[in-house]
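# A look at the structure
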Amino acid sequence: MIFQFFVLSSKGDHLIYRDFRGENSSDVVRVFYEKVTALPEDQPPVVMTHKDVCFVHVKQGGLFWVVTTSSASSPFTMVEFINKLCSLVKDYCGALTEKSLQLNFALIYELLDEVVDYGYIQTTSCDVLKNFIQTEAVSSKSFSLFDLSSVALFGAETQQSKVAPSSAANRPLHQREQGKSEIFVDVVERMTVVIGANGVLMKADVEGEIRVKCYTPRCSEMRIGLNEDFSIGRAQLRGYGAAVRVDQCSFHQSVKLDEFDTSRILALCPSQGEQTVMQYQLSEELPCAAPFRLFPTIERDASGRLLMYLKLRCDLPPKIAALNVQASVSVPKGSVSLSQELSSPDQSAELKTRVVLWSIPKFNGGTQLSAIFKLDVPGLTSSSLLELGPVGLSFEVPRWTCSGLQIRFLRLSPVQPSPGERWVRYTTHSDSYTVRV
């Protein structure tokens, strides 16, 4: 049972608030934000308690999505509900941003009234809700076919040279042309990597998923073809070539696997909105080289300052580029000032609380960048050097997957009378990429 639901910005401003039971005061919003901001860790626990009230929250889009409930309720059910509600809001409003919620607060309240009745969850199905939701969404950004500012999306089959508009996948449900078929398939992978001080790969995990966002009013079945050499576990490896292998794989309950064993084809009847049709995991080893290697040199200069020379190499294919690369280096306590020498003018660096942040907007594969940082650390000793590191990397790599998973084709049944828009995007993110120094 849900007592209250509210959405807070990162600054604590409440954007959405609904009290379903009237049993608790609105003071719970202040209590939750105080508990979240008082915690020293960067990632607060998903479930927190205050007196007889349990707070369950998920952070998406830089916003806190929170429900209050009793201690008898299942926290896993609450987390699943919040995630599904976030997907619904994204489908109806186009994006999970503070501005989008402010523009569409009436629509979100209408969704809440249909999804939850007196604290009891009714439905989170987009197909069911579209018959009851009347309010139309307001886009925070107008849609333009000529907006190509973001990462390219590649069409399936013979449309490899086609580029999708950056905002196409984020348009609200109500702003799509009636009868027009649009399908967006995302292959998203998240990497967890630990590289030792000697450069040896100590840990490598890849978690991936295939997401389908579908707007096909006349589509009864969709068939997605994966790599023909795709295998699950080493026992299924086929032939002698380099196969695309994962250790574990799971599918959405609506996916039909009749042709999966023989042809690696997923068949499903998609619902309106976004759903995850397949999840997979690769552990222990990477099928390719790690995207980044770091070569650090750390010493004390003649004036007693801490000198860090960092050389970062991108081992991605030459035609692939990583975006929004940021390296964070832990430095000794008491560091007061930073001077820097960067290898290109588009880079930047700053000293925050015990951390040096080195930002690179775009890093092309097969290239190398370097930075020299000089830190003034009062009372610097040899033991202070032990406080250095590790180096954490965050990045996003479009048009590339570490596992090599590809979409061979994307077919609809029955065949659409007019050409539909079909886009496939490949993206790899860093979940945790750590290099020890």
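Parameters at a glance
- Within each chain, residues carry numbers counting from 1 in the order of the written sequence.
- Thresholds applied to this predicted model are a pLDDT of at least 70 for local features of residues and 80 or more for the giving and counting of side-chain atom pairs; totals over whole chains, interfaces and linings are not thresholded and use all residues.
- The side-chain quantities take in all heavy atoms of the structure and omit both hydrogens and water.
- Only strands joined by at least two bridges in the DSSP assignment are considered to pair.
- Put simply, DSSP H or I for four residues or longer makes a helix, DSSP E for two residues or longer makes a strand, and each gets a number counted from the N terminus.
- Whenever a helix is involved, its axis is fitted only over the stretch in contact; in every case the axis is a line through C-alpha atoms, and angles between N-to-C directions fall within 0 to 180 degrees.
- Centre distance within 6.5 Å is the pairing criterion for rings of Phe, Tyr and Trp, where only the six-membered ring of Trp is used; planes under 30 degrees apart are then read as stacked, over 60 as edge-to-face, and the remainder as tilted.
- The buried label goes to any residue with under 20% of its type's maximum accessible area, the exposed label to any with over 50%, and the partly exposed label to all in between, with areas taken from a 1.4 Å probe on protein chains only.
- Placement of a charge over a ring requires the Lys NZ or Arg CZ to be within 6 Å of the ring centre, with the centre-to-atom vector within 35 degrees of the ring normal.
- An expected span of 1.5 Å times one less than the residue number is assigned to each helix.
- In this tally Asp and Glu are treated as negative and Lys and Arg as positive; neither His nor the chain ends contributes.
- Salt bridges are defined as contacts in which a side-chain nitrogen from Lys or Arg sits within 4 Å of a carboxyl oxygen from Asp or Glu.
- N or O atoms closer than or at 3.5 Å make up a polar contact, with two conditions inside protein: a donor-capable atom paired with an acceptor-capable one, and, for residues adjacent in sequence, both atoms drawn from side chains.
- Contacts between residues were defined by any pair of non-hydrogen atoms, one from each residue, lying within 4.5 Å.

Right, let's talk about the sheet that holds strand S10 (residues 221-226) for a bit. Working definition: the strands of a sheet are paired by backbone hydrogen bonds and lie parallel or antiparallel to each other. Spatially, the three strands line up as an open sheet ordered S14-S10-S24, and their pairing is antiparallel. The sheet is open, and its two edges are formed by strand S14 (265-268) and strand S24 (407-413), each paired on a single side. The sheet shows a mean angle of 15° between the axes of neighbouring strands, taken without regard to direction. As defined by bridge partners, S10 adjoins S24 across six bridges and the pair is classed as antiparallel.

So, about the sheet that holds strand S23 (residues 391-398). The nine strands lie next to each other as S13-S15-S9-S8-S25-S23-S18-S21-S20, forming an open sheet whose pairing is mixed. Only two strands of the sheet have a single neighbouring strand rather than two, namely strand S13 (248-251) and strand S20 (348-352). In this sheet, neighbouring strand axes are inclined to one another by 15° on average, regardless of whether the strands run parallel or antiparallel. Where strand S9 (residues 201-215) and strand S15 (residues 273-283) come together, ten bridges link them in antiparallel fashion. The residue bridging Val206 from the neighbouring strand is Leu282, located in S15.

Considering all chains together, one arrives at twelve aromatic pairs under this definition. Ring plane angle 45° and centroid distance 5.7 Å describe the contact between Phe32 and Phe55, whose orientation is recorded as tilted. Of the two residues, Phe32 sits in helix H1 (residues 28-38) while Phe55 sits in strand S4 (residues 53-60), which places them 23 residues apart along the sequence. Accessibility classification places Phe32 together with Phe55 in one group, the buried group. Ring geometry for Phe32 against Phe64: centres 5.9 Å apart, planes inclined by 75°, an arrangement best described as edge-to-face. Of the two residues, Phe32 is situated in helix H1 and Phe64 in strand S5 (residues 63-69); the sequence distance between them amounts to 32 residues. Across the pair, exposure class does not vary: Phe32 and Phe64 are buried alike. Put simply, the rings of Phe6, Tyr17, Phe32, Phe55 and Phe64 touch in pairs and so form one group of aromatic residues. Just above the ring of Phe260 sits the side chain of Arg264; from NZ or CZ to the centre is 4.6 Å. Across the ring face of Phe409, the terminal group of Arg411 is positioned such that the distance to the ring centre comes to 3.8 Å.

Counting buried residues in S4 gives six out of eight residues, a clear majority hidden from the surface. Bridge count for strand S3 (residues 47-50) against S4 is four bridges, and the pairing is antiparallel. In the sheet register, Met48 faces S4, and the bridge partner there is Phe55. Counting the residues that bridge the hairpin from S3 to S4 gives two residues, and of these Lys51 lies at a positive phi of roughly 60°. Between S4 and S5, which pair antiparallel in sequence order, lie two residues; one of them, Gly61, sits at a positive phi of approximately 60°.

This next bit is on helix H2 (residues 75-93). Compared with the 27 Å implied by 1.5 Å per residue over 19 residues, the 26 Å span of H2 between its first and last C-alpha is a close match. When we look at burial in H2, the residues that qualify are Met78, Phe81, Ile82, Leu85, Cys86, Leu88, Val89, Asp91, Tyr92 and Cys93. In the stretch just after H2, Gly94 is the one whose phi turns positive, near 95°.

Attention now goes to the side chain of Glu110. Mapped onto the fold, Glu110 is located in helix H4 (residues 105-115). We note that Glu110 is buried and unpaired, the nearest opposite charge coming from Arg18 at a distance of 9.7 Å. Polar contacts involving the side chain of Glu110 include one to the side chain of Thr135, which spans 2.4 Å. Apart from the residues within four sequence positions on either side, Glu110 is in contact with Phe132, Ile133, Gln134 and Thr135.

Quick look at the pattern of salt bridges now. Counted according to the given criterion, the structure contains 14 salt bridges. Between Asp205 and Lys203 there is a salt bridge; the shortest N-O distance is 4.0 Å. Relative accessible area serves as the criterion here: at 40%, Lys203 is assigned to the partly exposed category. A salt bridge links Arg211 to Glu209, with the nearest nitrogen and oxygen atoms 2.5 Å apart. Taking relative accessible area as the criterion, Glu209 reaches 8% and is therefore assigned buried.

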